[in-house]
Amino acid sequence: MKESSSQSASGRGSFLGDVRFSLIAKTVYLATRVALPPLVLAHVPLADYGVWSVAFIVVSYLGLTATGFASVYVRRGAIAHLDGDIATLSRLLSTGVACLGIMSLLILAALWAGLPHLLGALGVDPELRATAGTLVFGACAVFLADISLGAYAYLLHGIGRIRDEQRIWVIAFLGEVVIAVALLLHGFGIVSLLIAFALRYVFSIGAAAWVAHRALPGLCLDPRLFDRVQLREFFGFGLAVQVSSLCANALHSAERVLAALLLGAPAAA
């Protein structure tokens, strides 16, 4: 009985520690997001920063393609981990990465074809279209790569390695800020933000994959492990979460979308 009580207290302590770490991490993240825009605007015109804001309107909607999938990784990953079933975790990972990889390529192709019309609809000035095309397509490509291979981070969350996943996130976003500031100071302009954004996700994807494979010996990412049973889970439970997220995101970004459509890209910034 005493041993059981001790384990229960230890579990609660670990959980509370994870919660405290997460709250501190999110506070630091908030501080960097508040501090960065004035610094950026000291080195680039408002119109250029408006284009970067437009890029993240698009990115926020692309993020909806992963919301339901992330929930499946966490939910099914937790169940398989409790059962010690590494084979199911491998099939889950391989199926999710394959599906989202194909979806990401199709989305990128559609975005490339429709990008001129999209930039026009969002009020990007003609002289900024070339820069805007690079920023929007580049940011979306980076984000879609993370959506596909970011499965490792969701899996870490599902198997209870939340602190590890949070540490990677903190190091990644702090590194992004440092790189962005260094590039801005060296005159790279608004492209500094895209380069820093890309390097952030290269690091976070690689680090999460390394931690996941160390935590789960035998975990395998292999197209031959594609599993139709897991696919039904992604498009069943995952799709329900997806619809809910779509409604939430529309409400969250409505003012930026309307500002861009009615007043142009600088208003979105």
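Residues numbered from 1 in each chain as written. Predicted model: local features only at pLDDT ≥ 70, side-chain atom pairs only at ≥ 80, totals over all residues. Heavy atoms only, no water.

## Points about the overall build of the protein
Then comes step 1: Check the secondary structure of the protein and you find 11 helices and zero strands.
Then comes step 2: Taken across its 269 residues, the protein has 43% of its residues classed as buried.
Then comes step 3: Sequence separation of 24 or more characterises 84% of the internal contacts of the protein that already satisfy a separation of 6 or more.
Then comes step 4: About 13600 Å² of surface is accessible on the protein, with carbon and sulfur atoms providing 70% of the total. (Helix = DSSP H or I, 4+ residues; strand = E, 2+ residues; numbered from the N terminus. Buried < 20%, exposed > 50% of the residue type's maximum accessible area, 1.4 Å probe, protein only. Contact = heavy atoms within 4.5 Å. Areas by Shrake-Rupley, 256 points an atom, 1.4 Å probe, with all protein chains shown as cover.)

## Quick look at the environment of His-186
Then comes step 1: Within the element layout of this structure, His-186 appears in the loop between α7 (162-185) and α8 (191-215).
Then comes step 2: Accessibility expressed as a relative area gives 65% for His-186, which makes it exposed.
Then comes step 3: Between the C-alpha atom of His-186 and that of His-43, which follows or precedes it by 143 residues, the distance is 9.9 Å.

## Some words on the nonpolar core
Then comes step 1: With 59 residues, the main nonpolar core has Val-40, Trp-52, Ile-190 and Leu-219 as its most contacted residues.
Then comes step 2: At the level of secondary structure, the elements contributing two or more residues to this core comprise α1 (2-41), α2 (46-62), α3 (64-82), α4 (86-121), α5 (129-149), α6 (151-158), α7 and α8.
Then comes step 3: Sequence-distant contacts of Val-40, defined by excluding residues within four places in its chain, comprise Tyr-49, Leu-184, Ile-190 and Leu-193. (Core = buried A, V, L, I, M, F, W, Y, C linked by side-chain atoms within 4.5 Å.)

## Description of the packing of α7 against α8
Then comes step 1: Their axes nearest at 8 Å, the elements α7 and α8 cross at an angle of 155°. Viewed along their axes, α7 and α8 adopt a mutual orientation that is roughly antiparallel. As for the relative orientation of α7 and α8, their crossing is right-handed in sense. Here α7 contributes Asp-164, Ile-168, Trp-169, Ile-171, Ala-172, Phe-173, Glu-176, Ile-179, Ala-180, Leu-183 and Leu-184 to the contact with α8, which in turn contributes Ser-192, Leu-193, Ile-195, Ala-196, Phe-197, Leu-199, Arg-200, Phe-203, Ser-204, Ala-207, Ala-208 and Val-211.
Then comes step 2: Of the residues assigned to the contact of α7 with α8, the class counts are 18 nonpolar, two polar and three charged. (Axes fitted to C-alpha atoms, helices over the stretch in contact; angles between N-to-C directions. Parallel < 35°, antiparallel > 145°, perpendicular 65-115°, else oblique. Left-handed = near helix turned anticlockwise from the far one by under 90°. Nonpolar A, V, L, I, M, F, W, Y, C, P; charged D, E, K, R; others polar.)

## Notes on the packing of aromatic side chains
Then comes step 1: Summed over the entire model, instances satisfying the criterion amount to seven aromatic pairs.
Then comes step 2: Taken together, a centroid distance of 6.3 Å and an interplanar angle of 85° make the contact between Trp-52 and Phe-197 edge-to-face. Pair noted here: Trp-52 is in helix α2 and Phe-197 is in helix α8, with a separation of 145 residues, a long-range link.
Then comes step 3: Judged by relative accessible area, Trp-52 falls into the buried class, the value being 9%.
Then comes step 4: Between Phe-197 and Tyr-201 the ring centres are 5.0 Å apart and the planes differ by 75°, which places this aromatic pair in the edge-to-face class. Placement of the pair is Phe-197 and Tyr-201 together in helix α8, with a separation of four residues, close to one helical turn. The two residues Phe-197 and Tyr-201 agree in class, both being buried.
Then comes step 5: The rings of Tyr-29, Trp-169 and Phe-173 are connected pair by pair, giving a single aromatic cluster. (Phe/Tyr/Trp six-rings, centres within 6.5 Å; stacked < 30°, edge-to-face > 60°.)

## Observations concerning the pattern of salt bridges
Proximity of charged atoms lets side chains of opposite charge pair with each other.
Then comes step 1: For the coordinates displayed, the defined rule picks out six salt bridges.
Then comes step 2: Of the charged contacts, one joins Arg-200 and Glu-176 as a salt bridge, the two residues approaching to 2.8 Å between their closest N and O atoms. Here Arg-200 is found in helix α8, whereas its partner Glu-176 is found in helix α7, with 24 residues between them in sequence.
Then comes step 3: Residue Arg-200 is classed as buried on the basis of its relative accessible area, which comes to 9%.
Then comes step 4: A relative accessible area of 9% means that Glu-176 is categorised as buried.
Then comes step 5: What emerges from the salt-bridge pattern is a single network uniting Arg-33, Glu-176 and Arg-200. (Salt bridge = Lys/Arg side-chain N within 4 Å of Asp/Glu carboxyl O.)

## Remarks on the confidence of the model for the protein
Then comes step 1: The predicted model of the protein averages 81 in pLDDT, with 78% of residues at 70 or higher.
Then comes step 2: In the model of the protein, helix α10 (residues 237-263) stands out as the element of lowest mean pLDDT, 61, in contrast to α8, which has the highest, 93.
Then comes step 3: Low confidence marks residues 1-10, where pLDDT is under 50. Its contacts with residues over four positions away, or in another chain, come to zero contacts. (pLDDT = per-residue confidence, 0-100.)

## Section: the environment of Leu-225
Then comes step 1: Along the chain, Leu-225 turns up in the loop between α8 and α9 (228-234).
Then comes step 2: When its relative accessible area of 27% is taken as the criterion, Leu-225 is described as partly exposed.
Then comes step 3: Apart from residues no more than four positions distant in its own chain, Leu-225 is found in contact with Ser-90, Arg-91, Ser-94, Thr-95 and Cys-220.

## Concerning a nonpolar patch on the surface
Then comes step 1: A cluster of nonpolar side chains, Ile-24, Val-28 and Leu-174, forms an exposed patch at the surface whose accessible area comes to about 240 Å².
Then comes step 2: With respect to the element layout, Leu-174 can be found in helix α7. (Patch = residues over 30% accessible without salt bridge, like charges linked within 9 Å, V, L, I, M, F, W, Y side chains within 5 Å.)

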